[in-house]
Amino acid sequence: MRRIILTLLLIFLYVPSPAAAFEKAAPMDFIFKGGEYRERITMVIEAPITARIEGPEGCHFYIDFAGRSELQNTETDDNGIETYSAIPEAVFIRSDRDDLDPSTFSAGLIYEPVTSSLAWLLRSSDPGHPEEKWTKELSESEYKFIGFQTTITAEVGTNAFLVQYAGTIPDTNEIVIEITDADAPDILTRKLIYPTEIPGYFQMPGGGILGIEKIEIEEGVPMLLYEWGKEPPL
């Protein structure tokens, strides 16, 4: 009788109600991050683009990106607005005024997380003058050139624990889950889940119970619908 009661208790703990809301992840998304890790977000300009922005005294500047460029997060103000700056080698700035030196200006993007809006940024960097800024919101057609990239690092021996949905294997449609446990003998492990096993709940290496509802194809991309029945212990 004791064994039956224990089994029923485990089922009660790990099987969610039908009304549970599942989260959605794209391939390479982290579905769990915990412990001592560092996260760096980069704004990526995916293809060549030229932006036009009004500068000082009504003149116009042209900001040319010749190809794929990464812009680093250099500032976040008190309102949470993020500034991403291009390194000088990645951008060419020119003006319709001959008396202005484009080399004294820098360029980048401003991101407003609340509205998810982006704006081009032109900033004067002449040491002989006070810093000035000019911005212009991206046009609808320009948004498709911009993306975000997140880099996560963890040192070996720390208690960092990361779980990443790596996508599916084309031939078998197996779901690939990759686990990083920086404090384990095997730091990187992979778990394969067969399509016939879902929906279901799965014990993760290192701990945790991951619930997978299904794989949902969106524009050819296999999106994972999941929830944690029990988050990995740290």
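Summarised in this report is the structure supplied together with it. Note that the coordinates shown come from a computational prediction; the quantities given were computed from them, not determined experimentally.

**A short note on the environment of Gly67**
Line of reasoning, step 1. Turning to its location among the elements, Gly67 is positioned in the loop between strand 5 (60–65) and strand 6 (69–76).
Line of reasoning, step 2. Beyond its immediate chain neighbours, meaning those up to four positions away, Gly67 contacts Ile45, Ala47 and Pro48.

**Examining the sheet that holds strand 9 (residues 105–112)**
Line of reasoning, step 1. In spatial order, the strands read 11-10-9-7-6-3-12; together these seven strands make up an open sheet with antiparallel pairing. The open sheet has two edge strands, strand 11 (133–137) and strand 12 (146–153), and neither has a second partner. Shown here is a sheet whose adjacent strand axes are inclined to one another by a mean of 35 degrees, direction ignored.
Line of reasoning, step 2. Pairing analysis gives eight bridges linking strand 3 (residues 38–45) to strand 12, with the strands arranged antiparallel. Across the sheet, residue Thr42 finds its bridge partner in strand 12, namely Gln149.

**Quick notes on the pattern of salt bridges**
Line of reasoning, step 1. Scanning all chains against the criterion turns up 10 salt bridges.
Line of reasoning, step 2. Linking Lys24 and Glu216 is a salt bridge whose minimum nitrogen-to-oxygen distance equals 3.2 Å. Here Lys24 is found in strand 1 (residues 23–25), whereas its partner Glu216 is found in strand 17 (residues 209–218), with 192 residues between them in sequence.
Line of reasoning, step 3. When its relative accessible area of 43% is taken as the criterion, Lys24 is described as partly exposed.
Line of reasoning, step 4. With relative accessibility at 24%, the residue Glu216 sits in the partly exposed group.
Line of reasoning, step 5. Note that Glu46 is salt-bridged to Arg68, the shortest N-O span being 3.9 Å.

**A few points about the side chain of Ser117**
Line of reasoning, step 1. By the element assignment, Ser117 lies in strand 10 (residues 117–124).
Line of reasoning, step 2. Only 2.8 Å separates the side chain of Ser117 from the side chain of Thr115, close enough to count as a polar contact.
Line of reasoning, step 3. Those residues in contact with Ser117, other than ones at most four positions away along the chain, are Ile110, Tyr111, Glu112, Glu137 and Tyr143.

**As for the nonpolar core**
Line of reasoning, step 1. Among the nonpolar cores identified, the biggest contains 25 residues, and Met43, Phe61, Phe65, Leu71, Trp120 and Ile146 are the most heavily contacted of them.
Line of reasoning, step 2. For this core, the secondary structure elements donating two or more residues are strand 3, strand 4 (49–54), strand 5, strand 9 and strand 10.
Line of reasoning, step 3. Counting residues in hydrophobic clusters, the runner-up holds 18 residues, among them Ile31, Phe161, Tyr165 and Ile198.

**Some points on the packing of aromatic side chains**
Line of reasoning, step 1. Enumeration over the complete set of coordinates arrives at seven aromatic pairs.
Line of reasoning, step 2. Consider the rings of Phe61 and Phe105, whose centres lie 4.6 Å apart with planes at 50 degrees: the pair is tilted. Of the two residues, Phe61 sits in strand 5 while Phe105 sits in strand 9, which places them 44 residues apart along the sequence.
Line of reasoning, step 3. Residue Phe61 is classed as buried on the basis of its relative accessible area, which comes to 0%.

**Focus: the sheet that holds strand 8 (residues 92–95)**
Line of reasoning, step 1. Strand order in this open sheet of three strands is 4-5-8, and the pairing throughout is antiparallel. Two strands bound the open sheet, and with one partner strand each, they are strand 4 and strand 8. With strand direction ignored, the average angle separating the axes of adjacent strands in the sheet is 20 degrees.
Line of reasoning, step 2. With six bridges joining them, strand 4 and strand 5 adopt antiparallel strand pairing. Each residue of the ladder has a partner; that of Thr50, found in strand 5, is Asp64.

**A word on the pairing of strand 16 (residues 200–203)**
Line of reasoning, step 1. In strand 16, alternate side chains face the same way, and those of Gly200 and Phe202 are buried while those of Tyr201 and Gln203 on the opposite face are not.
Line of reasoning, step 2. Count of turn residues in the strand 16/strand 17 antiparallel hairpin: five residues, of which Gly206 carries a positive phi of about 90 degrees.

**Side note on the pairing of strand 14 (residues 175–181)**
Line of reasoning, step 1. The element strand 14 is largely enclosed, with a buried count of five among its seven residues.
Line of reasoning, step 2. Bridge analysis of strand 13 (residues 161–168) against strand 14 gives seven bridges, and the strand direction is antiparallel. Bridging across to strand 14, Tyr165 finds its partner in Ile177.
Line of reasoning, step 3. Hairpin connection between strand 13 and strand 14: a loop of six residues separates the two successive antiparallel strands, and Asn173 in this loop has a positive phi of roughly 65 degrees.
Line of reasoning, step 4. Pairing geometry for strand 14 and strand 15 (residues 188–193), over six bridges, is antiparallel.

About the cut-offs
Positions within a chain are numbered from 1, following the residues in the order the chain's sequence is written. Restriction of local features to residues with pLDDT of at least 70 applies here, the model being predicted, together with a cutoff of 80 or more for giving and counting side-chain atom pairs; totals for whole chains, interfaces and linings are based on all residues. The side-chain figures draw on all heavy atoms in the structure; neither hydrogens nor water molecules are used. Under the DSSP-based scheme used, a helix requires at least four consecutive residues in state H or I and a strand at least two consecutive residues in state E, with every element numbered from the N terminus. Here, residues are in contact when the closest pair of their heavy atoms is within 4.5 Å. Strands were regarded as paired on the criterion that DSSP finds at least two bridges between them. Angles shown run from 0 to 180 degrees and are taken between the N-to-C directions of axes, each axis being a line fitted to C-alpha atoms and, for helices, limited to the stretch in contact. A side-chain nitrogen of Lys or Arg and a carboxyl oxygen of Asp or Glu constitute a salt bridge if their distance falls within 4 Å. Categorising residues by exposure relies on relative accessible area from a 1.4 Å probe, with only protein chains included: less than 20% of the type maximum marks a residue as buried, more than 50% marks it as exposed, and the intermediate range marks it as partly exposed. Here a polar contact is taken to be a pair of N or O atoms separated by no more than 3.5 Å, where protein atoms must pair a possible hydrogen donor with a possible acceptor and residues adjacent in sequence count only if both atoms sit in side chains. Throughout, nonpolar core names a set of buried Ala, Val, Leu, Ile, Met, Phe, Trp, Tyr and Cys residues whose side chains join them through atoms within 4.5 Å. Aromatic pairing here means that ring centres of Phe, Tyr or Trp (its six-membered ring) are within 6.5 Å. Orientation follows from the plane angle: under 30 degrees is stacked, over 60 is edge-to-face, and everything else is tilted.

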